[in-house]
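Residue-level structural notes
Spelled out from the first residue to the last, the chains are:
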Amino acid sequence: MSSYLISNVSVVGAAPTDLLIRDGVVAAVGAGLTAPDATVLDGTGLVALPGLVDLHTHLREPGREDAETVESGSRAAALGGYTAVCAMANTSPVADTAGVVEQVWRLGREAGLVDVQPIGAVTVGLAGEHLAELGAMADSAARVRIFSDDGHCVADPRLMRRALEYVKAFDGIIAQHAEEPRLTEGAQMHEGEVSARLGLTGWPAVAEEAIIARDVLLTEHVGSRLHVCHVSTAGSVEVLRQAKARGIRVTAEVTPHHLLLTDSRAETYDPVYKVNPPLRTATDIAALRAALADGVIDIVATDHAPHAVEDKECEWAYARPGMLGLETALSIVLDVLGPQWDLIAERMSRAPARIAGLEGHGLDPAPGVPANLTLVDPAARRTIEPAELASRSRNTPYARMTLPGRIVATFLRGEPTVLDGKAVR
Ligand SMILES: [Zn+2]
């Protein structure tokens, strides 16, 4: 295995030091390190973070390899500074059996660019009628611990209760896409002033808040664990704040796009801005940012949702919801939070690794720790060119925007997946 000496680098924002990576681990941290056999990387001006961990990625394989594959999505993730991603279950076939989750897990190992941890479906075929084989997926080689019908809400309260009861036995988590389906029938965007002006059917904030309120109470009743996907409204933040104050075991994520973009983007009728849950208001964004800072929202997750051109470049009403996220997430969070490196490491690496139980991830670079880390140049600015992204899809809402921060290198167990800002393979 190769050795790397990263000189004069700031570890999570601290004063510059040297980092020696050898045999897959961080071998030493300290000023004035020497290692004649190691490749030296000049870390001046760079910040080393624990490798980022995404709890919410759509890799599209099996089934929609034209939009993304496990390999292309893994490469996009590595370029975004990630060393582990959790792959959502809404593939084709759905990841609702041990066979499919093991297939995704194996494809991730073969690609070898990030650790791919499959999420299993809660219900068979995401149909919301019968519980999937949660135990078989948990016992499989993929060792699934998080289950989600993401893309769909587990709307039936009895089924949600049974799912929470089932996973309690092995301390598993149900990750809910909170959307009361009867309140969002035909919805095209956030329900508010802009939707009224444009004459588009609205997706009301209460459709999310009502499900979160129900689910935190069910979680308390069962004594299980709940994770809330892509929280998007100020009201949801208040429900979560109360639930956490009561000691309910709930965690929550927010996406980069819900921290930055408002529903006014729909005025362009450009379907690149169509996403589920929809972009909300400036008031919601302010509440989400505050919740991310104070911990009511635990993590940033990308909801990276690649779509083929024909599914996205069409009329707004027919376009599939979703946006790319992996290659731009850190830049958006840096833009939103500023250089609060400890907070960024917590929300984008440590906490998601803890929630998902990913061993060897989410650990600050220190002697003996697996060398899963990323190097960021916070002073760099880059203009997003969709054609240059590693994802197979092009549906980024940040096209031609200039964003702060650049991922210079990413290491997975001591081997570089990204060097000089480019994928190694
Ligand atoms: Zn979702």
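Check the entry above for the structure.
The structure contained in this document is the topic of the report that follows. Given the structure is predicted, the values throughout are model-derived calculations rather than measurements.

1. Some words on the layout of surface pockets
- A volume near 810 Å³ is recorded for the largest pocket.
- When its residues are assigned to classes, the lining of the largest pocket shows 15 nonpolar, 15 polar and eight charged.
- Approximately 670 Å³ is the volume attributed to the second largest pocket.
- As for the second largest pocket, its lining consists of 30 residues, of which Trp105, Asp115, Gln117, Leu358 and Glu359 are closest to the centre.
- Where the lining of the second largest pocket is concerned, the elements lending two or more residues are β7 (82–87), α2 (98–111), β8 (115–118) and α12 (341–356).
- Of the residues forming the lining of the second largest pocket, the biggest block, four residues, is contributed by β8.
- Looking at side-chain class alone, the lining of the second largest pocket contains 16 nonpolar, five polar and nine charged residues.

2. Some details on the coordination of the zinc ion
- At the metal site, the zinc ion is ligated by Asp150 (OD), His177 (ND1) and His230 (NE2), and these contacts range over 1.9 to 2.3 Å.
- Coordination of the zinc ion draws on donor residues from a single chain, spaced D-x26-H-x52-H in sequence. Placement of aspartate 150 in the loop between β9 (146–147) and α4 (157–168) and of histidine 177 in the loop between β10 (173–176) and β11 (189–190) is noted, with a sequence separation of 27 residues between them.

3. Things to note about the sheet that holds β8
- Pairing in this open sheet of three strands is parallel, and the strands run β6-β7-β8 from one edge to the other. The open sheet has two free edges, formed respectively by β6 (52–57) and β8, since each of these has just one partner strand. Adjacent strand axes in the sheet meet at a mean angle of 20° when their direction is disregarded.
- In terms of strand pairing, β6 meets β7 through four bridges, oriented parallel. Following the sheet pairing, valine 53 is matched in β7 by alanine 84.

4. Things to note about helix α9 (residues 282–294)
- Under the 1.5 Å per step criterion, the end-to-end length of α9 is 18 Å for 13 residues, consistent within 8% with the ideal 18 Å.
- Three or more residues of α9 are buried, namely Asp284, Ile285, Ala287, Leu288, Ala291 and Leu292. Buried residues of α9, viewed axially, fall in a sector of 165°; they line one side. Facing away from the buried side of α9, by more than 90 degrees, are the exposed residues Ala282 and Thr283.
- Note on α9: the residue one or two positions beyond its end, glycine 295, has a positive phi of about 100°.

5. Examining the side chain of aspartate 303
- By secondary structure assignment, the location of aspartate 303 is in the loop between β15 (299–300) and α10 (309–312).
- The side chain of aspartate 303 is buried and forms no salt bridge, while arginine 60, the nearest opposite charge, is found at 6.8 Å.
- Within polar-contact distance, the side chain of aspartate 303 engages the side chain of histidine 58 at 3.0 Å.

6. Comments concerning the packing of aromatic side chains
- Summed over the entire model, instances satisfying the criterion amount to two aromatic pairs.
- With a centroid separation of 5.3 Å and an interplanar angle of 65°, the aromatic rings of tyrosine 4 and phenylalanine 411 are classed as edge-to-face. Here tyrosine 4, found in strand β1 (residues 4–11), pairs with phenylalanine 411, found in strand β17 (residues 402–412); they are 407 residues apart in sequence, far enough to count as distant.
- Residue tyrosine 4 is classed as buried on the basis of its relative accessible area of 9%.
- For phenylalanine 411, a relative accessible area of 0% translates into the label buried.
- Aromatic pair phenylalanine 147 and phenylalanine 170: ring centres 6.1 Å apart, planes at 65°, arrangement edge-to-face. Pair noted here: phenylalanine 147 is in strand β9 and phenylalanine 170 is in the loop between α4 and β10, with a separation of 23 residues, a long-range link.

7. Here's the deal with the state of the cysteines
- As enumerated under the stated definition, the model contains zero disulfides in all.
- For cysteine 153, which is in no disulfide, the shortest distance to another cysteine sulfur is to cysteine 229 and amounts to 10.0 Å.
- Judged by relative accessible area, which is 13%, cysteine 153 ranks as buried.
- By relative accessible area, cysteine 229 is classed as buried at 2%.

8. Looking at the packing of helix α7 (residues 234–245) against α9
- Direction vectors running N to C along α7 and α9 enclose 30°, while the axes themselves pass 8 Å from each other. One way to sum up the angle between α7 and α9 is to call them roughly parallel. Here Ala234, Val237 and Arg241 of α7 come into contact with α9, specifically with Thr283, Asp284, Ala287, Leu288, Ala291 and Asp294.
- By residue class, the composition of the contact of α7 with α9 is five nonpolar, one polar and three charged.

Criteria and cut-off values
Residues numbered from 1 in each chain as written. Predicted model: local features only at pLDDT ≥ 70, side-chain atom pairs only at ≥ 80, totals over all residues. Heavy atoms only, no water. 1 Å grid on protein atoms, 1.4 Å probe; cavity = no way out; pocket = protein on both sides within 12 Å on 5 of 7 lines; lining within 4 Å. Points joined across faces, edges and corners; volume = space filled by probe spheres on them. Nonpolar A, V, L, I, M, F, W, Y, C, P; charged D, E, K, R; others polar. Helix = DSSP H or I, 4+ residues; strand = E, 2+ residues; numbered from the N terminus. Donors = N, O, S within 2.8 Å, 3.2 Å for Na, K, Ca; no water. Pairing = 2+ DSSP bridges. Axes fitted to C-alpha atoms, helices over the stretch in contact; angles between N-to-C directions. Expected span 1.5 Å × (residues − 1). Buried < 20%, exposed > 50% of the residue type's maximum accessible area, 1.4 Å probe, protein only. Arc of directions from axis to C-beta. Lys, Arg positive; Asp, Glu negative; His and termini not counted. Salt bridge = Lys/Arg side-chain N within 4 Å of Asp/Glu carboxyl O. Polar contact = N/O pair within 3.5 Å; in protein donor to acceptor, adjacent residues only side chain to side chain. Phe/Tyr/Trp six-rings, centres within 6.5 Å; stacked < 30°, edge-to-face > 60°. Disulfide = S-S within 2.5 Å. Parallel < 35°, antiparallel > 145°, perpendicular 65-115°, else oblique. Contact = heavy atoms within 4.5 Å.

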